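Letter by letter, the chains look like this.
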Amino acid sequence: MSHDKEESFAAVHRDVELGKLPVASSTPIKLSGSSPSLHLQNQKNGGGGPTSAATKTSTATSLRWNIRKLSVPIKKKHIARLQGNFELLGQPGGNMSDTGGPFGSNDGSVRLATARASGRGSQSSFAALNGGNGMKAERNILYNVVGHAEKGQMLALMGASGAGKSSLLDCISLRNHRFEGCVYLDRNPVDTHFFSSTAYVHQVDMFFATLTVREHLTFHAMVRVRKEVAVADRLRRVEEVIEAVNLSKCAESLIGGPQAFIRGISGGERKRLSVATELLSDPEIIFADEPTSGLDAFMALSVCKILKGLANSSRLVVCVIHQPSSEIFELFTHLTLLARGQTAYCGTRAGGVEYFANTLGLECPQFYNPADYLIEKLAVNVLLEKPEVPVEDMLRAYQTSTLARDNRAWMADVEEGGSGGGMSALVSSREFPATAWTQFVQSYKRTVKSYGREPVLAKVRFGQAISMGLILGLVYLQQPFDSSATKNRLGAMFLLIMNQSIASMFTVSQVIPKDMAVFMREYLTSANRPSSYFLGLSLAEVPYQVLFPTIFGTIAYWLIGFAPEASRFFVFIVTLVLMANASCSLGYALSTLTGHDGVAVALGPVLMLPMSLYAGVLHSSDNVPWYFVPLDKVSMIKYAFQAIVLNEYGSDKYTPKLRQFVFDYIGVEEGQIGFCIAMLVVLLVGFRFLAYVFLLIRAKRALM
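Definitions and cut-offs
Residues numbered from 1 in each chain as written. Predicted model: local features only at pLDDT ≥ 70, side-chain atom pairs only at ≥ 80, totals over all residues. Heavy atoms only, no water. Helix = DSSP H or I, 4+ residues; strand = E, 2+ residues; numbered from the N terminus. Buried < 20%, exposed > 50% of the residue type's maximum accessible area, 1.4 Å probe, protein only. Areas by Shrake-Rupley, 256 points an atom, 1.4 Å probe, with all protein chains shown as cover. Core = buried A, V, L, I, M, F, W, Y, C linked by side-chain atoms within 4.5 Å. Axes fitted to C-alpha atoms, helices over the stretch in contact; angles between N-to-C directions. Parallel < 35°, antiparallel > 145°, perpendicular 65-115°, else oblique. Left-handed = near helix turned anticlockwise from the far one by under 90°. Contact = heavy atoms within 4.5 Å. Nonpolar A, V, L, I, M, F, W, Y, C, P; charged D, E, K, R; others polar. Polar contact = N/O pair within 3.5 Å; in protein donor to acceptor, adjacent residues only side chain to side chain. Salt bridge = Lys/Arg side-chain N within 4 Å of Asp/Glu carboxyl O. Phe/Tyr/Trp six-rings, centres within 6.5 Å; stacked < 30°, edge-to-face > 60°. Pairing = 2+ DSSP bridges.

Caption draft 1: Main features of the overall build of the chain. A count of helices and strands for the chain gives 24 helices and 15 strands. Counting every position in the chain, which comprises 704 residues, the buried fraction comes to 55%. Surface exposure of the chain reaches about 30,000 Å², of which carbon and sulfur atoms provide 58%.

Next up, the structure:
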């Protein structure tokens, strides 16, 4: 039996009571939905814990949504192919009329709409796929999806692949606000407090692999709980959550992951850790996107029982669930079925099978998993077989049913709300619960721990610094100080600079995009600011960008036989360190610009080659083509190489004639070393600032 299963089946039953927090807890946290602060109350003696003056009691009891439309544009070059798909299905490519369906026809998947009239509730007109002027192609993901759920319920969003389940979850949780419609708490459109009272468990788990379970939860307790709550209470909350989701046995284990080459906690423990992370802020509403994905039957049931326990504690749980077992299906209290972006059923879980039998004549066979049966009927492929009841008839039957009218009854009483597309200002106005300083300190500590425990990267970088220093030192071992060694010395200096620039830039280009994916998720939950994350990351990297160039430069300097003067050795090391950090800054800029490690690594040589060509060794620096002048001006390779040459040949070990010859050869003048070092500092700061700007733009776009 696996490690997870050895935790005992009895522990699963304790998960059902998770929402109440462990009985042993002396300070369970009571959520205040109308205020982002946390209210701590002593459960045993009724004593009051630290309470924010701004804390208010939440009165919201229901979540309601009216998603009139969520669509994506289709490029014109794809329209002909889509028209061919209609013809393959036996549908004419033209003369599509607006039937109220999501695609402008009963079976279609695309429509051409004229420019939408201004004003709320305006209708789009439709035309043929080969329509005329002023038309645009759109594909509707969701269309007229109305529903509601109450606290204490556990709602399942189900349907065939591509039905719009995850899209609906993203809309009602406001992770996607590019829809027409509105989301309400009770009868009021949601406000900024909505984000502090909700949690979102992603389908794909993302963690820093080199942190332990407790360290990960402690970090989030520090950055996601408001500053009014004492640190001791936050740490106590971490222990309560660890106990509640049965992570005590692995609390000191590294999370691990395949990319970090660390065998950490199991898949079930990772999923429970994702849930635990969201429980730290005591949310009223929990959204979960396929929480059982990738888990075996036992662990899937265990995770769902945790979510059921949250629902039993007067919280609302909304899950996208894919092919649940009969046991898991029985845990849900309510069910929403989607097909082609529309609602096929919305009601109680127990009433779903009865609705399909009485309304559509589709009776679930005895001893058949109802979830499998319902999805099977909604997922019939019209190209392979003729369904008992076409999906279009199912959608039409629901829209005209008494159940649908009852589900829409609440819309007459709600306040008028803006469209989801107009909620971007609301999303952008979210408040960060912790201060920028707290988030910076915690980000810095986390990055230092992560780098220090990286079993492969740190060893490789250390080994590379020593081995490359030895290789270059032995190749150019103890060069004489006369003109016969000029070519060798200049070659050694150039290789020193190139090796350090490539090593520094490529290292961060491969690591930062992976860490940045975790940061983007934290930013969307207000757990971290771009400034706090970036400053913490930059400062944590500095010791490595000082230590490794120093080791590399020290070995190479004395083996090659550069000027044996302490002052010149110091300038050499400073130049090499500045060069390494400037290259690191360029790597940051490429990483934040592209967001992909492979693309960043591929772009690196494209920029490095022109920068290296005009350093003065491979090509005359006086004859730079106009189209390479910008890269020449920001070439840290050129400035570092010239600084090292000026530093070395400024020594009395070389004759004035040889010194002047070398300076003329590489195109520098004596006394420019200060300018070169200053330019390295400027480029270090400039590229680093540019990287921050790219990160900020990427973060802001994630909210759009």
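So that's the structure; there's more coming.
Caption draft 2: Molecular detail of the nonpolar core. Within the largest apolar cluster, 75 residues are counted, with the highest numbers of intra-cluster contacts made by Met636, Ile637, Phe641, Val645 and Tyr649. Taken together, the elements giving at least two residues each to this core come down to α16 (457–475), α17 (486–524), α18 (530–560), α19 (566–594), α20 (597–613), α22 (636–649), α23 (656–666) and α24 (673–702). Looking at this core element by element, the count peaks at 15 residues for α17. One finds Met158, Ile286, Leu295 and Ile328 within the second-largest nonpolar core, a separate group that totals 66 residues.

Caption draft 3: Molecular detail of unusual backbone geometry. The residue aspartate 282 is not glycine, and still its phi comes out positive at about 50 degrees. Locating aspartate 282 in the fold gives a position in the loop between α7 (267–279) and β12 (285–289). Taking relative accessible area as the criterion, aspartate 282 reaches 0% and is therefore assigned buried. Phi at glutamate 290 is positive, roughly 45 degrees, even though this residue is not glycine. Inspection of the secondary structure assignment puts glutamate 290 in the loop between β12 and α8 (297–312).

Caption draft 4: The arrangement of the packing of α17 against α24 in detail. The contact between α17 and α24 brings their axes to 10 Å, and the two run at 50 degrees. Of the possible angle classes, the one that applies to α17 and α24 is oblique. Two packed elements cross with a definite hand, and for α17 against α24 that hand is right-handed. Judged by residue contacts, Met516, Phe519, Met520, Tyr523 and Leu524 of α17 engage Leu695, Arg698, Ala699, Lys700 and Ala702 from α24. Of the residues that constitute the contact of α17 with α24, the class distribution is eight nonpolar, no polar and two charged.

Caption draft 5: Broad picture of helix α11 (residues 370–378). Most of α11 sits inside the fold, with seven of its nine residues counted as buried. What α11 keeps buried is the set Pro370, Ala371, Tyr373, Leu374, Ile375, Lys377 and Leu378. Check the buried side of α11 and you find it contacts β8 (154–159), α9 (326–331), β14 (334–339), β15 (342–348), α10 (349–360) and α12 (391–399). Taking the backbone nitrogen of alanine 371 as reference, a side-chain oxygen 3.1 Å away marks asparagine 369 as the first, capping residue of α11.

Caption draft 6: Layout of the pattern of salt bridges. This structure, assessed with the given rule, holds 21 salt bridges. With a shortest N-O distance of 3.3 Å, arginine 226 and glutamate 228 are connected by a salt bridge. Its salt-bridge partner being arginine 461, residue glutamate 541 comes within 2.8 Å of it at the nearest N-O pair. Placement of the pair is glutamate 541 in helix α18 and arginine 461 in helix α16, with a sequence separation of 80 residues. Overall, glutamate 541 belongs to the buried group, its relative accessible area being 1%. Taken together, the salt bridges that share partners define one network made up of Arg237, Glu240, Asp282 and Arg315.

Caption draft 7: Local environment of the packing of aromatic side chains. Applying the stated criterion to the full structure yields 26 aromatic pairs. Summarising the aromatic geometry, the rings of tyrosine 355 and phenylalanine 356 are spaced 5.9 Å apart at their centres and angled 70 degrees between planes, so their arrangement reads as edge-to-face. This pair shows no difference in class: tyrosine 355 is buried, exactly as phenylalanine 356 is. The interplanar angle of 70 degrees and the centroid separation of 5.1 Å between the aromatic rings of tyrosine 557 and phenylalanine 569 together place this pair among those described as edge-to-face. Linking tyrosine 557 in helix α18 with phenylalanine 569 in helix α19, this pair joins segments that are twelve residues apart in sequence. Neither tyrosine 557 nor phenylalanine 569 differs from the other in exposure class; each is buried.

Caption draft 8: View of the environment of arginine 489. Secondary-structure assignment places arginine 489 in helix α17. Owing to a relative accessible area of 0%, arginine 489 belongs among the buried residues under this scheme. Here the alpha-carbon distance between arginine 489 and glutamine 479, two residues ten residues apart in the chain, equals 7.3 Å. Residues in contact with arginine 489, not counting those within four places in the same chain, are Gln479, Pro480, Phe481, Gly561, Phe562, Glu648, Tyr649 and Tyr654.

Caption draft 9: A look at the pairing of strand β9 (residues 180–185). Counting buried residues along β9, five of its six residues qualify, which places the element largely inside the surrounding structure. The sheet contact formed by strand β4 (residues 62–73) and β9 spans six bridges and is antiparallel. Pairing of isoleucine 67 across the sheet is with glycine 181, part of β9. Note that β9 and strand β10 (residues 188–189) share two bridges and pair antiparallel. Bridge pairing in β10 links leucine 185 to asparagine 188.

Caption draft 10: Structural detail: the sheet that holds strand β13 (residues 316–320). Strand order in the open sheet formed by six strands is β11-β12-β13-β8-β14-β15, with mixed pairing between adjacent strands. Since the sheet does not close on itself, it has two edges, and those belong to β11 (198–201) and β15, each with one partner. When strand polarity is set aside, the average angle formed by the axes of neighbouring strands in this sheet is 15 degrees. Sheet topology places β11 next to β12; four bridges connect them, and they run parallel. Bridge assignment links tyrosine 200 to a residue of β12, and that residue is phenylalanine 287. Against the sheet, α10 engages β14 and β15, with an angle of about 125 degrees to β15.

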